[in-house]
Amino acid sequence: MTGGPRHPALRDAAPAVFWLDDPGAPRPEPSLEDRIDCDLAIVGAGFTGLWSALLARRRNPGLDIVVLEARRSAAAASGRNGGFCDASLTHGFANGVSRFPAEIDTLDRLGLENLDAIESTVRERDIDCDFERTGTLDVATASWQYAELVDAAGAMRAHGYRVDTLDEDAMRTQVASPSYRGGLWTHDRTAIVNPAKLAWGLRRLCLDAGVRIHEDTAVVRLDAETERIRLTTPRGSVRARRVALATNADRPLLARLRPFILPVYDYVLVTQPLTAAQLASIGWANRQGISDSGNQFHYYRLTADSRILWGGYDAIYHFGNRVDARLEQRARTFDKLAAQFFATFPQLTELRFTHRWGGAIDTCSRFCAFWGTGHGGRVAYALGYTGLGVGASRFGAQVMLDLLEGRRTERTALRMVRTRPLPFPPEPLRFGVVQLTRWSLDRADRNDGHRNLWLRALDLAGLGFDS
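Residues numbered from 1 in each chain as written. Predicted model: local features only at pLDDT ≥ 70, side-chain atom pairs only at ≥ 80, totals over all residues. Heavy atoms only, no water.

Trainee: What is the right way to look at the layout of surface pockets in this model?
Mentor: Empty space among the atoms can be located by rolling a probe the size of a water molecule over them. Approximately 310 Å³ is the volume attributed to the second largest pocket. Forming the walls of the second largest pocket are 16 residues, and the residues nearest its centre are Thr141, Gln145, Gln296, His298 and Tyr313. Looking at the lining of the second largest pocket, the elements with two or more residues in it are helix 5 (143-158), helix 9 (331-344) and helix 12 (429-445). Looking at the lining of the second largest pocket element by element, the count peaks at 3 residues for helix 9. Each residue belonging to the lining of the second largest pocket can be placed in one class, and the counts come to 4 nonpolar, 8 polar and 4 charged. (1 Å grid on protein atoms, 1.4 Å probe; cavity = no way out; pocket = protein on both sides within 12 Å on 5 of 7 lines; lining within 4 Å. Points joined across faces, edges and corners; volume = space filled by probe spheres on them. Helix = DSSP H or I, 4+ residues; strand = E, 2+ residues; numbered from the N terminus. Nonpolar A, V, L, I, M, F, W, Y, C, P; charged D, E, K, R; others polar.)

Spelled out as structure tokens, the structure:
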């Protein structure tokens, strides 16, 4: 499809990120135009990079820390996501149980401690980011999905989760949609936030603590020297004793990591603020974050000013791991999302969208973060969050710092930290695998969740693709 979206509700939607379209956004820090030295250099000023800088400063107040950001802080995934700050470190309970069954209780405890620490930082350091610990609703739009949610609830309760299963009537009492067949309310383990304001708040804390941040400063090369790591930028360079790589879906500076990351584009719409009557027509008094339960799923939530953010479903991979700002607008997907929104909430037919955008997610084959080091332990990385990095990025930063310090901790002893996902195959096989998998997931959604031979083979191999 050429041109802009055709759905009438998108007629006036700005091709811009709602969170970043804020007159209160901080002024950029100067780009690097010099050759400098430091103790710790961090590449990327999203959540992982900013938490790394802040936590490193807390561990060692005398450390000289430099953060290099190719664009602006939070300009990539950290400022474009749905704003679900989840306790899960494993991209959900089911994924964690299937991949790390022996340590799932430890991972859940560490994840809750991590979410509690984020909330404490927000409250104690006065970060104005609309933090609301609402929990989440997983909603079923088909009978087979509700049956799976009921089964999942039993397993989750056995591991200490506080969850409520909701039949069709109870679910529609929470949020009124004719498409709902039931749901699962998970309490306490998720907050909704304004992600850009959270990142900008962390950025402020870093600057206040003396961290040097250089924006509009892309790192184009990483080289190991005898005693330091050199990071080359277009107009300068940094020589650092240690380097933390927090580059998300961008092309990894360590070439050996490139087979492990698959950048997938996700797309989002935001509505006008709802009137009091429109809010009353859907309920949603408890303001939970919501995801529906198909293989291809939507996620949605209310903003502080009562807009609905609506995203997901399509997950678009471009040949050769392509990441490009021109891919952030996709008219076909926006039209699809708009139609699906009004199918979910037909009582909101007069509502219009004000913003539309997309961004790349750093998917890996196990759907949760992985770590490692290079150049004799002087470089560490955290990658592969697969869309739940708002909360898990703080834990990811802690692990990177542990690895750079050579510390053996409860975190570094985890199998989750000590192992890596399976790599994706090279092109052109990679593109073919992704397209076949997307087709199979769509077919499963239309066939009562039954997974075909291809999906079952991926399950057995531990290699897959998720929207």
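Trainee: I would appreciate a short explanation of the packing of helix 4 (residues 104-124) against helix 10 (residues 389-405) in the present structure.
Mentor: Angle between the axes and distance between the axes are the two parameters that describe a pair of packed helices. Interaxial distance between helix 4 and helix 10 falls to 9 Å at its minimum, and their mutual angle equals 105°. With respect to each other, helix 4 and helix 10 are oriented roughly perpendicular. Here helix 4 contributes Leu110, Asn114, Ala117 and Ile118 to the contact with helix 10, which in turn contributes Val390, Gly391, Ala392, Arg394, Phe395 and Gln398. (Axes fitted to C-alpha atoms, helices over the stretch in contact; angles between N-to-C directions. Parallel < 35°, antiparallel > 145°, perpendicular 65-115°, else oblique. Contact = heavy atoms within 4.5 Å.)

Trainee: Whenever I open this one, empty space enclosed by the protein confuses me. Can you help?
Mentor: Under the definition given, this model contains 2 cavities of 30 Å³ or more. Its volume calculated, the second largest cavity comes out at about 40 Å³. Lining of the second largest cavity is provided by Ser88, Leu89, Thr90, His91, Phe367, Cys368, Ala369, Tyr385, Leu388 and Ala392. A per-class count over the lining of the second largest cavity returns 7 nonpolar, 3 polar and no charged.

Trainee: Honestly, helix 10 in this entry has me stumped. Any pointers?
Mentor: Residue pairs spaced three or four apart in an α-helix point in one direction, given the helix's 3.6 residues per turn. For helix 10, with 17 residues, the first-to-last C-alpha span of 23 Å sits near the 24 Å given by 1.5 Å per residue. Where burial is concerned, most of helix 10 is hidden: 15 out of the 17 residues are buried. Gly406 sits one or two residues past helix 10 and shows a positive phi near 70°. (Expected span 1.5 Å × (residues − 1). Buried < 20%, exposed > 50% of the residue type's maximum accessible area, 1.4 Å probe, protein only.)

Trainee: Explanation requested: unusual backbone geometry in the structure shown.
Mentor: Comment: phi is negative for the bulk of residues other than glycine, and the bulk of peptide bonds are trans. Along the chain, Glu427 connects to Pro428 via a cis peptide bond; the corresponding omega equals 0°. Note on placement: Pro428 falls in the loop between helix 11 (415-418) and helix 12. Here Ala74, not a glycine, exhibits a phi torsion of approximately 70°, which is positive. You can see Ala74 is positioned in the loop between strand 2 (65-68) and helix 2 (77-80). Judged by relative accessible area, which is 2%, Ala74 ranks as buried. Of note in the backbone geometry, Asn248 takes a positive phi value of approximately 55° without being a glycine. With respect to the helices and strands, Asn248 occurs in the loop between strand 11 (236-245) and strand 12 (262-271).

Trainee: Would you mind showing me how to read the environment of Trp19 here?
Mentor: By the element assignment, Trp19 lies in the segment before strand 1 (35-43). Overall, Trp19 belongs to the buried group, its relative accessible area being 3%. For the pair Trp19 and Phe319, spaced 300 residues apart in sequence, the C-alpha to C-alpha distance is 29 Å. Side-chain polar atoms of Trp19 contact the backbone oxygen of Asn81, separated by 2.7 Å. (Polar contact = N/O pair within 3.5 Å; in protein donor to acceptor, adjacent residues only side chain to side chain.)

Trainee: Sorry, what's going on with the packing of aromatic side chains here?
Mentor: Any aromatic ring pair is given by two values, namely how distant the centres are and how the planes are angled relative to each other. Following the criterion strictly, the structure yields 19 aromatic pairs and no others. Here Tyr267 and Phe334 contribute two aromatic rings whose centre-to-centre distance is 5.7 Å and whose plane-to-plane angle is 85°, an arrangement assigned as edge-to-face. Of the two residues, Tyr267 sits in strand 12 while Phe334 sits in helix 9, which places them 67 residues apart along the sequence. The burial state of Tyr267 is the same as that of Phe334; both residues are buried. Between the aromatic rings of Phe342 and Phe353, the centroid separation amounts to 5.9 Å while the plane-to-plane angle is 65°, which identifies the pairing as edge-to-face. Linking Phe342 in helix 9 with Phe353 in strand 17 (residues 353-363), this pair joins segments that are 11 residues apart in sequence. Relative accessible area serves as the criterion here: at 13%, Phe342 is assigned to the buried category. The class for Phe353 is buried, based on a relative accessible area of 2%. When the ring centre of Tyr161 is taken as reference, the NZ or CZ atom of Arg189 above it lies at 3.5 Å. (Phe/Tyr/Trp six-rings, centres within 6.5 Å; stacked < 30°, edge-to-face > 60°. Lys NZ or Arg CZ within 6 Å of the ring centre and 35° of its normal.)

Trainee: Explain helix 5 here, please?
Mentor: With 16 residues, helix 5 extends 24 Å from end C-alpha to end C-alpha; this agrees with the ideal 22 Å at 1.5 Å per step. The elements touched by buried residues of helix 5 are helix 3 (93-99), strand 4 (136-140), strand 5 (163-166), strand 6 (182-186) and helix 12. Remark: Gly160 follows helix 5 within two positions and exhibits a positive phi of approximately 90°.

Trainee: Please clarify how the pairing of strand 11 should be interpreted in this entry.
Mentor: Sheet faces and side chains relate simply in a regular strand, where the side chains alternate between the two faces. Judged by how many residues are buried, strand 11 sits mostly within the fold: 7 of 10 residues are covered. Relative to strand 11, strand 1 runs parallel, the two sharing 8 bridges. Its bridge partner lying in strand 11, Cys38 is registered against Ala240. Sheet analysis places strand 10 (residues 229-233) next to strand 11, joined by 5 bridges and oriented antiparallel. Among the inter-strand pairings, Ile229 is bridged to a residue of strand 11, identified as Ala240. Adjacent in sequence and paired antiparallel, strand 10 and strand 11 are bridged by 2 residues. Where strand 11 and strand 19 (residues 379-383) come together, 3 bridges link them in parallel fashion. Within strand 19, the position partnered with Leu245 by the bridge is Tyr381. (Pairing = 2+ DSSP bridges.)

Trainee: I'm lost on the pairing of strand 13 (residues 289-292) in this one. Help?
Mentor: Because side chains alternate across strand 13, one face comprises the buried residues Gly289 and Ser291, and the other comprises Ile290 and Asp292, equally buried. One ladder, built from 4 bridges, connects strand 4 with strand 13; its direction is parallel. Along strand 13, the bridge assignment pairs Asp138 with Ser291. The pairing of strand 13 with strand 14 (residues 298-302) spans 2 bridges and is antiparallel. Following the sheet pairing, Ile290 is matched in strand 14 by Tyr300.

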